[in-house]
Amino acid sequence: MKVRIEYEHDVCVGTNACMAADPQHFELLEDGKAHIIGSAQARPEKWSWESDMDENALKTILAAAEACPVNAIHVFVDGVKKI
Ligand code: SF4
């Protein structure tokens, strides 16, 4: 399935919750904010990343988005918003 993640860098407050929930997809940048591993778009205030994923990868991405206290991570599956 096609999964798109939208991340709001300007909203992120660097709690590390997404990285704790899904360290395979999220990492901490030197500015103390999150970044999706493999995405080249690290700096714009808002960016998105799209990839084919299986159910297990999607589960961890959704867990990371749900863990975010400021709703900086949004997940779309086949064009439908999940969180
Ligand atoms: S959980 Fe949200 S606020 Fe915390 S680092 Fe991740 S994106 Fe930023």
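A quick note: this is a predicted structure, and the numbers were derived from the prediction, not measured. (Residues numbered from 1 in each chain as written. Predicted model: local features only at pLDDT ≥ 70, side-chain atom pairs only at ≥ 80, totals over all residues.)

Caption draft 1: Examining the environment of L28 more closely. Checked against the element boundaries, L28 lands in strand β2 (residues 26-28). Accessibility expressed as a C-beta count within 10 Å gives 14 for L28, which makes it partly exposed. Spatially, the C-alpha atom of L28 lies 7.9 Å from that of G14, the residues being 14 residues apart in sequence. (Helix = DSSP H or I, 4+ residues; strand = E, 2+ residues; numbered from the N terminus. Buried ≥ 20, exposed ≤ 12 C-beta atoms within 10 Å, placed from the backbone.)

Caption draft 2: Seen up close, the site of the ligand. Close to the ligand lie 14 residues, the nearest being C12, T15, A17, C18 and C68. Residue composition of the shell around the ligand, grouped by class: 10 nonpolar, 3 polar and 1 charged. (Near = placed C-beta within 6 Å. Nonpolar A, V, L, I, M, F, W, Y, C, P; charged D, E, K, R; others polar.)

Caption draft 3: View of the sheet that holds strand β5 (residues 73-77). If you trace the 4 strands from one edge of the open sheet to the other, you get β4-β1-β5-β6, paired in antiparallel fashion. A strand with exactly one partner marks an edge of an open sheet, and here the two such strands are β4 (46-52) and β6 (80-81). The pairing of β5 with β6 spans 2 bridges and is antiparallel. Its bridge partner being in β6, V77 is matched across the sheet by V80. (Pairing = 2+ DSSP bridges.)

Caption draft 4: Representation of helix α2 (residues 55-67) within the structure. Under the 1.5 Å per step criterion, the end-to-end length of α2 is 18 Å for 13 residues, consistent within 8% with the ideal 18 Å. Within the sequence span of α2, burial applies to I61, A64 and A65. For α2, the buried positions fall inside an angular range of 100° around the axis, keeping them on one side. More than 90 degrees from the buried face of α2, the exposed residues found are E55, N56 and K59. Residues of α2 that are buried in the fold lie against β1 (2-8), α1 (17-21), β2 and β5. (Expected span 1.5 Å × (residues − 1). Arc of directions from axis to C-beta. Contact = placed C-beta atoms within 7 Å.)

Caption draft 5: Representation of unusual backbone geometry. In this structure, N71 is a non-glycine residue whose phi angle is positive, near 50°. The class of N71 is exposed, set by 11 C-beta atoms lying within 10 Å.

Take it as geometry only, folks, not as evidence of what the structure does.
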